[in-house]
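So the chains spell out like this:
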Amino acid sequence: MKKNRVLLYTVLSLFALLIAYILINTFKLSSKQLSVAKVDKIEISDMAIDRFSQAIQIQTVSPEDISNFDSLQFVRFNQYLKNSYPLADSLLDHLVFNKFSHLYRWKGTQSQEKPIILMGHLDVVPVIEGNLKYWKQPPFGGQIIRDTLWGRGSIDDKIGVVGVLEAIELLLAQNYQPNRDVYLAIGHDEEIGGNLGARAMANYLIEKGVQAEFIMDEGGSITQGMIPGMDQDVALVGVAEKGSVSIELTVELEGGHSSMPGKETAIDVLSKAISALKSNPFKAQISKPIEGFIEYLGPEMPFFNKMAFANSGLFEPMILKSYEASSSGNALIRTTTAPTIFNSGVKDNIIPLSARATVNFRIISGSSIQEVIDHVKNVIDDERISVKESGFNTEPSKVSSTEAFGFEAIHKSIAEIYPGTIVSPYLVVGATDARHFNEISENIYRFLPVRITKSNIKSFHGINERISTDEFENAVRFYIQLIKNSDQ
Ligand SMILES: [Zn+2]
């Protein structure tokens, strides 16, 4: 009896200790948000909005099939840059790569300091012919209707390109000169890999030995109502991007007539392999960028979410489970598996000799292409299937620090222009041109100053891409602050 009581007390006091530990961690979790002084609202002219509209009207489409590349539109964009930004055109060094990508260099008063590089891309994805009827305004009309600008590229990524140029032009008009050199790198083929644009510009900078203090490209954005447990807007600044590898699986077996099928056909073998890959997903994990996400958002959350985030070690299984529930959350916590092509057979009564499939994996920070290949071979475990890399593959980027000057400059600029917005590091699940610049800086961030909501998230690369003129104005203001805040 006495022994039981001792045991009970021990368990109870251990439990009390655990609760105390959890609570202490929860209360210790302090806000990472910067408090900033209010900045004056800079007037953005209607002419700027008009220039933005003109940029949308130039159909700089990166087509799937390169033979459909319409160089005339890109020539027009070159002309547009020259005509619309005369100060930048005459006062900044300007190099053109592969005819249509632009690298500007704004010389600072202290050129020996490490420069900053702002990146964007002027190409857009095509508008699918069959979807034209769903567009409420013509995709390349650049119409402004009730303070909303419509068109392909208004979010991805012409707001980034035009936004920075407007900021630079405005500062040049005020005779402003930055301390550090400011580079602006505008690629023209981001949507199809960036080899002629970003890659060429990166090679040039590497050859010149340029090491940047920080680099900022598109990637994260300001989300509204997208993060469970957060009522405030959250600005997600990508500190890393996932890698990508496509793996082609091929099997060749004896074919024959469908009236006498063998035990296993090529289709059988390959479907089994795909099914095995889907039912053996990569391990869920809290990678470095998501750790940062937890650190920055935890303190801003309601008590129970905060408690889980403050004790992420203890609550990890619960946190991972909740992320797994949605496809967007799932993409943040593991290398994802997506079969994208499956080919076999030509006729209804012939058993095909071969079957071929492609599976695309998006690789989490800290893992590698090799780990994916090993996993695939392990799971499939069938010598009849050949496994090889195909397509355009890239390793996950390194993870940039949230302690670095660049992150702070971005954080501060967001706080100044979007008061009340919570800033957090993030993992970008798609690929950006920034990956070509990996060697040029330790601190690469991915952020575009636009608001993403549940209703507009499908519009870029989709239909009815549009943005409010207010948001465009704020984007210009954000870039002005960022350039100023990078002076140190
Ligand atoms: Zn983009």
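Residues numbered from 1 in each chain as written. Predicted model: local features only at pLDDT ≥ 70, side-chain atom pairs only at ≥ 80, totals over all residues. Heavy atoms only, no water.

### Structural notes on the overall build of the chain
Here comes step 1: When helices and strands are tallied, the chain shows 14 helices and 17 strands.
Here comes step 2: Structurally, the chain occupies a C-alpha span of about 80 × 75 × 50 Å along its principal axes.
Here comes step 3: Looking at the chain residue by residue over its 488 residues, the buried ones come to 53%.
Here comes step 4: In the structure as shown, the chain presents an accessible area of about 23200 Å², 53% of it carried by carbon and sulfur atoms.
Here comes step 5: Charged side chains in the chain number 47 positive and 57 negative. The centres of these two groups are separated by 6 Å. (Helix = DSSP H or I, 4+ residues; strand = E, 2+ residues; numbered from the N terminus. Buried < 20%, exposed > 50% of the residue type's maximum accessible area, 1.4 Å probe, protein only. Areas by Shrake-Rupley, 256 points an atom, 1.4 Å probe, with all protein chains shown as cover. Lys, Arg positive; Asp, Glu negative; His and termini not counted. Charge placed at Lys NZ, Arg CZ, Asp CG, Glu CD.)

### What about the pairing of strand β15 (residues 422–428)?
Here comes step 1: Counting buried residues along β15, seven of its seven residues qualify, which places the element largely inside the surrounding structure.
Here comes step 2: Neither face of β15 is exposed, since Ile422, Ser424, Tyr426 and Val428 on one face and Val423, Pro425 and Leu427 on the opposite face are all buried.
Here comes step 3: Summarising the sheet, strand β8 (residues 234–241) and β15 pair through seven bridges and their orientation is parallel. Pairing of Leu236 across the sheet is with Ser424, part of β15. (Pairing = 2+ DSSP bridges.)

### Focus on helix α10 (residues 312–324)
Here comes step 1: Along its 13 residues, α10 runs just 16 Å from first to last C-alpha, ending more than 12% under the 18 Å computed at 1.5 Å per residue.
Here comes step 2: The set of residues buried in α10 consists of Phe315, Ile319, Leu320 and Tyr323.
Here comes step 3: Summarising the contacts, the buried residues of α10 are in contact with α1 (2–28), α8 (288–297), α9 (303–310) and α11 (327–333). (Expected span 1.5 Å × (residues − 1). Contact = heavy atoms within 4.5 Å.)

### As for the sheet that holds strand β4 (residues 144–145)
Here comes step 1: With respect to topology, three strands assemble into an open sheet ordered β4-β5-β17, the strand pairing being antiparallel. The two strands at the open ends of the sheet, each matched to only one other strand, are β4 and β17 (466–468).
Here comes step 2: Bridge count between strand β5 (residues 148–150) and β17: three bridges; the pairing is antiparallel. Note that in β17 the partner of Thr148 across the bridge is Ser468.
Here comes step 3: Sheet strands in contact with helix α2 (residues 46–57) are β4, β5 and β17, and its direction is about 20° off that of β5. (Axes fitted to C-alpha atoms, helices over the stretch in contact; angles between N-to-C directions.)

### Describing the environment of Ala325
Here comes step 1: Checked against the element boundaries, Ala325 lands in the loop between α10 and α11.
Here comes step 2: Taking C-alpha positions, Ala325 is 42 Å from Leu103, a pair spaced 222 residues apart along the chain.

### Notes on the pattern of salt bridges
Here comes step 1: Going through the model one piece at a time under the given rule, you end up with 16 salt bridges.
Here comes step 2: Notably, a salt bridge pairs Arg51 with Glu166, separated by 2.6 Å at the nearest N-O pair. Of the two residues, Arg51 sits in helix α2 while Glu166 sits in helix α5 (residues 158–173), which places them 115 residues apart along the sequence. Assigned by exposure class, Arg51 and Glu166 land together as buried. (Salt bridge = Lys/Arg side-chain N within 4 Å of Asp/Glu carboxyl O.)

### Brief notes about the coordination of the zinc ion
Here comes step 1: Distances from the zinc ion to its protein donors, His121 (NE2), Asp156 (OD), Glu218 (OE) and Glu218 (OE), fall within 2.0 to 2.5 Å.
Here comes step 2: Of note is the zinc ion, whose four donor atoms meet at the metal with angles of 55 to 148° in an arrangement that counts as irregular.
Here comes step 3: Counting residues between consecutive donors of the zinc ion along the chain gives the motif H-x34-D-x61-E. Of this pair, Asp156 sits in the loop between β5 and α5 while Glu218 sits in strand β7 (residues 214–223); the two residues are 62 residues apart in sequence, bridging distant segments of the chain.
Here comes step 4: Asp156 sits in the buried class, given a relative accessible area of 9%. (Donors = N, O, S within 2.8 Å, 3.2 Å for Na, K, Ca; no water. Tetrahedral: all angles 85-135°; square planar, octahedral: opposite > 155°, others 65-115°.)

### Re the sheet that holds strand β9 (residues 243–252)
Here comes step 1: Read across the open sheet, the four strands follow the order β11-β13-β9-β14; overall the sheet is antiparallel. Edge positions in the open sheet fall to β11 (336–344) and β14 (385–394), since each of these has one partner strand only. The sheet shows a mean angle of 20° between the axes of neighbouring strands, direction not considered.
Here comes step 2: With ten bridges connecting them, β9 and strand β13 (residues 354–363) associate as antiparallel partners. Opposite Glu252, over in β13, you have Ser354 as the bridge partner.
Here comes step 3: Of the strands in this sheet, β9, β11, β13 and β14 are in contact with helix α7 (residues 266–279), which crosses β13 at around 15°.

### Quick word on the packing of α2 against α5
Here comes step 1: Following both chains from N to C, one finds α2 and α5 inclined at 145°, their axes separated by 10 Å at the closest point. The interaxial crossing formed by α2 with α5 has right-handed handedness. Contact with α2, carried on its side by Ala48, Arg51, Phe52, Ala55 and Ile56, involves Lys158, Ile159, Val162 and Glu166 of α5 and no other residues of that element.
Here comes step 2: For the contact of α2 with α5, the residue count by class is six nonpolar, no polar and three charged. (Left-handed = near helix turned anticlockwise from the far one by under 90°. Nonpolar A, V, L, I, M, F, W, Y, C, P; charged D, E, K, R; others polar.)

### Some details on helix α14 (residues 469–485)
Here comes step 1: An ideal rise of 1.5 Å per residue puts 24 Å on 17 residues; α14 measures up with 24 Å between its terminal C-alpha atoms.
Here comes step 2: Burial analysis of α14 places 15 of its 17 residues in the buried class, the great majority of the element.

### Some details on the nonpolar core
Here comes step 1: With 66 residues, the main nonpolar core has Ile410 and Phe478 as its most contacted residues.
Here comes step 2: A per-element tally of this core places α5 first, with nine residues.
Here comes step 3: Setting aside residues up to four positions removed in sequence, Ile410 forms contacts with Phe214, Met216, Val237, Tyr445, Phe447, Phe478 and Leu482.
Here comes step 4: In this structure, Leu236, Ile290, Leu297 and Leu427 belong to the second largest nonpolar core, which totals 26 residues. (Core = buried A, V, L, I, M, F, W, Y, C linked by side-chain atoms within 4.5 Å.)

### A look at the side chain of Ser287
Here comes step 1: Following the sequence through the fold, Ser287 ends up in the loop between α7 and α8.
Here comes step 2: With residues near it in sequence (within four places) discarded, Ser287 still touches Leu332, Ile364, Ser365 and Leu427.

### Section: the domain arrangement of the chain
Here comes step 1: Once the domains are mapped, the chain shows domain 1 (46–220 + 401–413 + 426–485) and domain 2 (243–394).
Here comes step 2: Averaged C-alpha coordinates put domain 1 and domain 2 at centres separated by 32 Å.
Here comes step 3: Each partner contributes to the interface: domain 1 provides nine residues, whereas domain 2 provides twelve residues.
Here comes step 4: A buried area of about 860 Å², summed over both sides, lies between domain 1 and domain 2, and 70% of it is on carbon and sulfur atoms.
Here comes step 5: Put simply, domain 1 and domain 2 have zero salt bridges between them.
Here comes step 6: At the boundary of domain 1 with domain 2, the tally comes to zero residue pairs in polar contact (both at pLDDT 80 or more).
Here comes step 7: Elements supplying a minimum of two residues to the side of domain 1 that touches domain 2: α13 (405–417) and β15.
Here comes step 8: Each residue belonging to the side of domain 1 that touches domain 2 can be placed in one class, and the counts come to five nonpolar, three polar and one charged. (Domains from an automatic or database assignment. Buried area = accessible area lost by both parts, 1.4 Å probe. Polar contact = N/O pair within 3.5 Å; in protein donor to acceptor, adjacent residues only side chain to side chain.)

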